[in-house]
Amino acid sequence: QLGLRAHRLYRYHPELLITQIRAILRAAYPSTTLRLLYPLVETHEQWGDVQELVQKAVVSLREEEVPFRSEFSSGPLIETPSAVWEIDELLQGADFVSIGTNDLVQYLFAADRNNANAGFMYQPEHPVVLKILQTLQQKAIAADCPLTICGEMAGDPRYLPLLVGLGIKNVSVVPSVAEGLEAALRGANVEQCRELAERCLQASGGEEVRHLLDEWHGTPRTQDRQAAGAVDPVCGMTVDPEETPFTLEVDGAQHYFCSRHCLRTFKQGQGR
């Protein structure tokens, strides 16, 4: 996740992005709306590099005189701390911005949300995250640039009143949850959502915010569990059985692994 991916790949193979953009613009013709969102943009310099390649794709299509969608919007996906700090510069060169909450939360806390033992540090409700979302929204409004939130946080009804209270007006979600979110929005009191958001922003940490959300939704108070103490048979790491997605049953015995690597190693040792 921290290696050669997204726009970083185009430093070595710019032709890949040019080919992709050409294909998208040709496929979009004669569509009336097209928005191009670019992931993992860390700085405004990198954003400029990507846009240069996009313009090369446009120029090549014009020179070939083939039909393509010449009008479209471009925006960076804000999912790194550096992009948060560079938001003013990024807003100047974007038609819109989107916040990728999944990766942004991971990188803020340096915690892999899919890791069996570090997942508890993935805290989208933490006041640090909420302050960032509020700041980004305020700066986008000041720059007259539309802002959207995507990721699991955007599609979770539990966080919906928080997002409304923070001033977020656009969320990008999978179709399966859109109807439920729309129904929840109809019953939302904006002023009450703002009061909730303010209380959460002033909270001492993620645990207090979770408590406030429990009160808001009328759900039972949830207590943090201690790790149950299963042991990865490959590396000896303690694993929380209820958190790890890496499990395997062999001869009636359930094994728990800290990572996909250990699971794969175990299977190879078993001849599976």
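Quick notes on the rules
- Residues numbered from 1 in each chain as written.
- Predicted model: local features only at pLDDT ≥ 70, side-chain atom pairs only at ≥ 80, totals over all residues.
- Heavy atoms only, no water.
- Salt bridge = Lys/Arg side-chain N within 4 Å of Asp/Glu carboxyl O.
- Helix = DSSP H or I, 4+ residues; strand = E, 2+ residues; numbered from the N terminus.
- Buried < 20%, exposed > 50% of the residue type's maximum accessible area, 1.4 Å probe, protein only.
- Contact = heavy atoms within 4.5 Å.
- pLDDT = per-residue confidence, 0-100.
- Pairing = 2+ DSSP bridges.
- Right-handed = clockwise from strand over helix to strand, strands pointing away.
- Expected span 1.5 Å × (residues − 1).
- Phe/Tyr/Trp six-rings, centres within 6.5 Å; stacked < 30°, edge-to-face > 60°.
- Lys NZ or Arg CZ within 6 Å of the ring centre and 35° of its normal.
- Patch = residues over 30% accessible without salt bridge, like charges linked within 9 Å, V, L, I, M, F, W, Y side chains within 5 Å.
- Areas by Shrake-Rupley, 256 points an atom, 1.4 Å probe, with all protein chains shown as cover.
- Lys, Arg positive; Asp, Glu negative; His and termini not counted.
- Charge placed at Lys NZ, Arg CZ, Asp CG, Glu CD.
- Disulfide = S-S within 2.5 Å.

## Side note on the pattern of salt bridges
- All chains considered together, the criterion is met by ten salt bridges.
- Here Glu42 and Arg8 are joined by a salt bridge, their closest N and O atoms 2.5 Å apart. Separated by 34 residues along the polypeptide, Glu42 in the loop between strand S1 (35-38) and helix H2 (44-64) and Arg8 in the segment before helix H1 (14-28) bring together distant segments of the chain.
- Between Arg199 and Glu215 there is a salt bridge, and its shortest N-O distance comes to 4.0 Å. Residue Arg199 is located in helix H9 (residues 190-201), and its partner Glu215 is located in helix H10 (residues 206-217); the two are separated by 16 residues in the primary sequence.
- Glu215 gets classed as partly exposed once you look at its relative accessible area, which sits at 47%.
- Through salt bridges with shared partners, a single ionic network connects Glu125, Glu207 and Arg210.

## Things to note about the side chain of Thr101
- Structurally, Thr101 is set in helix H5 (residues 101-109).
- Residue classification places Thr101 among the buried residues on the basis of a relative accessible area of 2%.
- Discounting residues that sit within four places of it in the chain, Thr101 has contacts with Tyr122, Ile149, Cys150, Gly151, Glu152 and Met153.

## Overview of the confidence of the model for the protein
- Of all residues in the protein, 96% attain a pLDDT of 70 or more, and the chain-wide mean is 91.
- The weakest mean pLDDT in the protein belongs to strand S7 (residues 238-239) at 84; the strongest belongs to strand S3 (residues 97-100) at 98.

## Overview of the pairing of S1
- Along S1, the buried face is formed by Leu36 and Tyr38; none of Arg35 and Leu37, which line the opposite face, is buried.
- By the bridge criterion, four bridges tie S1 to strand S2 (residues 73-78) in an arrangement that is parallel. Bridge pairing in S2 places Leu36 opposite Ser74.
- This β-α-β element, S1 to H2 to S2, shows right-handed connectivity.

## Some thoughts on the environment of Thr238
- Secondary-structure assignment places Thr238 in strand S7.
- On the accessibility criterion, Thr238 (41% relative accessible area) is partly exposed.
- Separated by 18 residues in sequence, Thr238 and Tyr256 have C-alpha atoms that sit 9.2 Å apart.

## Points about the sheet that holds strand S5 (residues 171-172)
- Strand order in the open sheet formed by five strands is S1-S2-S3-S4-S5, with parallel pairing between adjacent strands. Only two strands of the sheet have a single neighbouring strand rather than two, namely S1 and S5.
- In this structure, strand S4 (residues 147-150) lies alongside S5, joined through two bridges in parallel fashion. Residue Ile149 lies in a different strand from S5, and its bridge partner there is Val171.

## Quick word on H2
- Taking 1.5 Å of rise per residue, 21 residues should cover 30 Å, and H2 covers 30 Å from first to last C-alpha, within 8% of that figure.
- Along H2, the positions that sit buried rather than exposed are Trp47, Val50, Gln51, Leu53, Val54, Ala57, Val58, Ser60 and Leu61.
- Taken together, the buried residues of H2 touch H1, S1, S2 and helix H4 (87-92).
- Just downstream of H2 lies Glu65, where phi reads positive at about 55°.

## Considering the packing of aromatic side chains
- For the coordinates displayed, the defined rule picks out two aromatic pairs.
- Relative to Trp47, the ring of Tyr38 has its centre 5.5 Å away and its plane inclined at 70°; by these criteria the two rings are edge-to-face.
- Note on Tyr38: relative accessible area 8%, which makes it buried.
- A cation over a ring is seen here: Arg35 above Phe96, with NZ or CZ 3.9 Å from the ring centre.

## A short note on a negative patch on the surface
- A surface patch of like charges, here negative, comprises Glu45, Asp49, Glu52 and Glu89.
- Broken down by element, the negative patch gets its largest block of residues, three residues, from H2.
- Judged by relative accessible area, which is 35%, Glu89 ranks as partly exposed.

## Quick word on the state of the cysteines
- What the rule picks out here adds up to zero disulfides.
- Cys258 provides the cysteine sulfur closest to Cys235, a residue in no disulfide bond, and the two sulfurs are 3.6 Å apart.
- On the basis of relative accessible area, Cys235 is assigned to the partly exposed category, the value being 42%.

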